[in-house]
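This is what each chain is made of:
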Amino acid sequence: MSKPAEYDTLDRQIINTLQGGFPIVDKPYAQVASWLNISSEELIERLDNLLESGALTRFGPLFNSQRMGGEVTLAALCVPSERYDEVTEIVNSYYQVAHNYQREHAFNMWFVITTETPGEIKKVIRAIENETGLKVYDCPKEKEYFIGLRLQA
Amino acid sequence: MKTTKKNNEGIDEIDRRIIFATQKGLPLVERPFDAIGKQIGISANEIKYRLEVMLENGIIRRIGAVPNHYHLGYVANGMSVWDIDDETVDEFGEIIGTLDYVSHCYKRPRHFPAWPYNLFAMIHAKTRAEVEEKASAIATILGDVCSTYEILYSTRILKKTGLRLCSPQKK
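Only a predicted model underlies this, so the values are computations on that prediction, with no experimental measurement involved.

Q: Can you help me understand the overall build of chain A in this one?
A: Counting its regular elements, chain A contains five helices and six strands. Counting from the amino terminus, helix and strand elements in chain A follow one another as α-α-α-β-β-α-β-β-α-β-β. With 153 residues in all, chain A has 52% of them scored as buried. For chain A, the proportion of contacts with a sequence separation of at least 24, taken over those separated by at least 6, is 60%.

As C-alpha cells, this is what we get:
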C-alpha cells in the first residue's frame, strides 16, 4: 500500500471543513473560501488537486440509497489468491458495487452493494456467484448503532 | 422514460436527474448549481431547493468531501468482528457505537460455521498496534458475553465510488 501523501495545513483545513455542511447558495465555494480566508479560486484548485491525488475519493452529495427505496448490503467472498485479480474485475464490473476492499483474512474480499430497487441485491449476488463460482456471504445490517467519529485530517 | 412512478419517499424524475448529474461529484466551478441546472435544463434555484429537500428527508446524508483514510495517515483501518450472545448484542452494540474510535457499528447475520460473528465495529487508527489496543479495550467491556473476535485489516481499496444510478434515459 502506498504511503500517506503529505498535505499542508491548508489542505487539512479544507478537508475538515468540507466534511460538514456545504452551503447551498449560488457561490458556495466563495463562501467556504471566506471561512478559510482564501480565494474561491484557490479553494477550487486545492480541491481539484486533493481529488486528483486521491486524498479525497469524492466531493459532492452523499446519497442514502435506502431512502430512495433501494437496498444496501455488505457482502464477502473467500477468494483463492491465484484468482484474486480476476474475481476483483468481475465484482467491480457491477455498477451496484459501490465499495470493495481487500482484507487480510480467509474472507478476503468485502464489498458494498447498493441497489435502487428491493430484490435487486439478491440478483446481483446470484450473478456474482454464477460468474465467479464462489459463495457470496451476504451480511446486511440488521441494526445500526450510533455512528460517531469524523476523521480529522 | 418509461415510468414516472414515485420511488417510495418521493424522488421524482427531476430528482433522479439531479442525483445522476451529481453522483460523481459536484462541479468545481464558481457557480456549481447553475452548472448542474444548465446540464439538466432546470434553474439553479430549483436545483438548490431540491437538494435542500433531499437533505432534509435524508435522501442526501450530507454534501461534502469523502477523505481517503490511507492518505490521511489512518492506515490501520481494522474491521473488528465479534461473536456476542444474541440476548445482549443490542445492549453492547449501543455501548461500542459510542466509543470515539469506532466509526461504524452494525449487527449483521452470522454464517455458520465459517463466520460466527454478529457484531461489526470499524476501528480507525494510525497503527495496527493502536487498533489492537482499542480492540482489547472493547473485549474488556464485553467480558463474558463475547466468545471470540477478530480484526480484519484492509490492505487495498479495490473500488470506491459514490452511489451509482443508471442513466435516467435507460429507465
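Following the structure, the description resumes.
Q: Mind showing me how you'd approach the side chain of A:T73 here?
A: Residues and elements named next belong to chain A. Within the secondary structure layout, T73 lies in strand β2 (residues 71–77). Among the polar contacts made by the side chain of T73, one reaches the side chain of D138 at a distance of 2.6 Å. If we skip the residues at most four places from it in the chain, T73 touches F111, V112, I113, I121, D138, C139 and P140.

Q: Please clarify how the pattern of salt bridges should be interpreted in this entry.
A: Pairs can form between side chains of opposite charge whenever their charged atoms are close. Summed over the entire model, instances satisfying the criterion amount to 17 salt bridges over all chains. Measuring nitrogen to oxygen at the nearest pair gives 3.0 Å for the salt bridge that ties B:D12 to B:R50. Taken as a pair, B:D12 in the segment before α1 (13–22) and B:R50 in helix α3 (residues 44–56) lie far apart in primary sequence, 38 residues in all. Using a relative accessible area of 23% as the deciding quantity, one classes B:D12 as partly exposed. With a relative accessible area of 14%, B:R50 lands in the buried category. Counted as one network, the salt bridges with shared partners bring together A:D8, A:D11, A:E42 and A:R46.

Q: What am I meant to see in the pairing of β2(A) here?
A: Looking down a regular strand, the side chains alternate between one sheet face and the other. Residues and elements named next belong to chain A. Burial of β2 is extensive: five of the seven residues sit out of reach of the surface. As defined by bridge partners, β2 adjoins strand β4 (residues 109–115) across seven bridges and the pair is classed as antiparallel. By the bridge assignment for β4, L74 is matched with V112. Judged from the two bridges that link them, β2 and strand β5 (residues 137–138) form a sheet pairing that is antiparallel.

Q: What am I meant to see in the packing of aromatic side chains here?
A: Both the distance between ring centres and the angle between the ring planes are used here to describe each pair of aromatic rings. A full pass over the atoms with the stated rule returns eleven aromatic pairs over all chains. Judged by centre distance (4.9 Å) and plane angle (75°), the rings of B:W115 and B:Y117 are edge-to-face. A single burial state applies to B:W115 and to B:Y117, both of which are buried. Taken together, the ring pairs in this structure connect A:F107, A:W110, A:Y137, B:W115, B:Y117 and B:F120 into an aromatic cluster. The ring of B:Y153 has B:R128 sitting right over it, with the charged end atom 4.1 Å from the ring centre.

The rules behind the values
- Note that residues are indexed from 1 along each chain, following the sequence as it is written.
- Chain labels run from A onward and ligand labels from 1 onward, assigned in the order the entries are written.
- Only residues with pLDDT of at least 70 are given local features in this predicted model, and only at 80 or more are side-chain atom pairs given and counted; all residues enter the totals for whole chains, interfaces and linings.
- Here the side-chain values reflect all heavy atoms present in the structure, with hydrogen atoms and water set aside.
- Here a strand is any run of E in DSSP of at least two residues, a helix any run of H or I of at least four, and the numbering for each starts at the N terminus.
- Between buried and exposed lies partly exposed: a residue is buried under 20% and exposed over 50% of the maximum accessible area for its type, with that area taken using a 1.4 Å probe on protein chains only.
- Any pair of residues with heavy atoms lying within 4.5 Å of one another is described as a contacting pair.
- Any N or O atom pair separated by 3.5 Å or less is treated as a polar contact, with the protein-specific requirement of one donor-capable and one acceptor-capable atom, and with residues adjacent in sequence counted only for side-chain atom pairs.
- What counts as a salt bridge is simple: a side-chain nitrogen of Lys or Arg found within 4 Å of a carboxyl oxygen of Asp or Glu.
- What makes two strands pair is DSSP finding at least two bridges between them.
- A pair of aromatic rings is counted whenever rings of Phe, Tyr or Trp (Trp by its six-membered ring) have centres within 6.5 Å, and the orientation is called stacked for planes under 30 degrees apart, edge-to-face for over 60 and tilted otherwise.
- Any Lys NZ or Arg CZ that is within 6 Å of a ring centre and within 35 degrees of that ring's normal is treated as a charge sitting over the ring.

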